[in-house]
Amino acid sequence: MKVKTEETGKIFQLYTGHYHKKKESPDCTNINQPKCPWYQSDNDANVISRHYLTPGEWTTIEAVHRIAGDEWKDHGGTELYPKQCNHYQLRMRVAGGQNTPYWIDDMRVQKILPAAESLVPHDSVTSSGFIMNNIFEYSMSWWKIGDIMLAPIIEKDEDIQRDVMVIRGPNFIRDKVVLQNFKGREIPQANYQYRFWLKLLDVSRPINFHILLRMRFHNNDLVNGPCDKEECVFDRRPFNQPVSSNGGVWQEFKTDVFDMFADDELGNYQDWDGYVKSMHWQLYSTDMEPLGTWKTAGFEALTVTVSISTLYLIVSYPDASNSLLLASIFDSRHPQLVQR
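Residues numbered from 1 in each chain as written. Predicted model: local features only at pLDDT ≥ 70, side-chain atom pairs only at ≥ 80, totals over all residues. Heavy atoms only, no water.

### Quick look at the pattern of salt bridges
Inspection of every chain in the model, using the stated rule, returns 16 salt bridges. Across the pair R195 and E252 runs a salt bridge whose closest N-O atoms are separated by 3.5 Å. Remark: E252 occurs in strand β16 (residues 251-254) and R195 occurs in strand β13 (residues 191-201); sequence separation between them is 57 residues. Judged by its relative accessible area of 24%, R195 falls in the partly exposed class. Residue classification places E252 among the partly exposed residues on the basis of a relative accessible area of 43%. Among the ionic pairs, R236 bridges to D259, the shortest N-O distance being 3.1 Å. With R236 in strand β15 (residues 231-243) and D259 in strand β17 (residues 258-259), this residue pair connects regions lying 23 residues apart in the sequence. On the accessibility criterion, R236 (19% relative accessible area) is buried. (Salt bridge = Lys/Arg side-chain N within 4 Å of Asp/Glu carboxyl O. Helix = DSSP H or I, 4+ residues; strand = E, 2+ residues; numbered from the N terminus. Buried < 20%, exposed > 50% of the residue type's maximum accessible area, 1.4 Å probe, protein only.)

See the structure below:
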């Protein structure tokens, strides 16, 4: 599709809306509350695309979106199939002020069939470790921003000829946080390491680039719990170093190996009295120059080491020589890791 506005500082967002009566509640006061019939997942799986609009110019938007899954789930994680055609909607908005006029032209939607040629390879991987949409095959889905006016955009990079995330636009955007809520996709007692790719443009000095993991935990035990507050905040900082442009080429980096909020003194957060409110993978830069731009081409999990349990089951027969020993290595929360 093509979109245009005459006003400055506007972000166009394309997203979906999902309705189901099983999400209704008398306590519902807002569309984004967990028990409203139009509740939207807090991981932004329903976001198709975000684009910064240059005033007076037509902006071409191309995006691939995966139907269903997280965008059809209620706050408890149950997937609810829409009952009627108007219970699943394609929505458009321009953020950055009320009553902003904008124009749309040449809008087309193509269904991608498994047996047909598509914009996304059929064997493409849409996640790596706990990060969803890790190389932006589905545009901005699963990637969040604190304020839509601080939104990054997706562009096709001329060097690698595929979509990348770009932080560019008004000066105040460049040092802001882009994040993904990965709560529920983590392995609690695992160690991780990621590699990722950056391109830095229009800067004369290095910037400081940061990756931060932050867990917010609702604490019910203010005396013996993990902290003495109702909300406990725990951080991991696997990457925190200066990055130079190196002539504006793509550069590969690796994070430090980091744990999933393991603590020898406090123990496993799954055993604490309370619940995890969010787990965020955050990206941001500091000391960016006014005209600078940074791009990332995605993230790949290099190391995921899991603490797993071994169960031995002895099946005895009258003849002891025929006893059988069965050993199974398993992880109850992540059966895809089972080895036998």
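### Topic: the environment of H18
Within the element layout of this structure, H18 appears in strand β2 (residues 10-18). A relative accessible area of 2% means that H18 is categorised as buried. Considering only alpha carbons, one finds H18 and N46, 28 residues apart in sequence, at a separation of 8.8 Å. Those residues in contact with H18, other than ones at most four positions away along the chain, are K23, P37, W38, Y39, E71, W72, L80, P82, H87 and Y88. Reaching out from H18, the side chain makes a polar contact with the side chain of K23 at a distance of 3.0 Å. Within the structure, H18 has its side chain in polar contact with the backbone oxygen of L80 (distance 2.7 Å). (Contact = heavy atoms within 4.5 Å. Polar contact = N/O pair within 3.5 Å; in protein donor to acceptor, adjacent residues only side chain to side chain.)

### A look at the confidence of the model for the chain
On average, residues of the chain carry a pLDDT of 80, and 79% of them reach 70 or more. The low-confidence segment residues 308-340, where pLDDT is below 50, has 41 contacts with residues more than four positions distant or belonging to other chains. (pLDDT = per-residue confidence, 0-100.)

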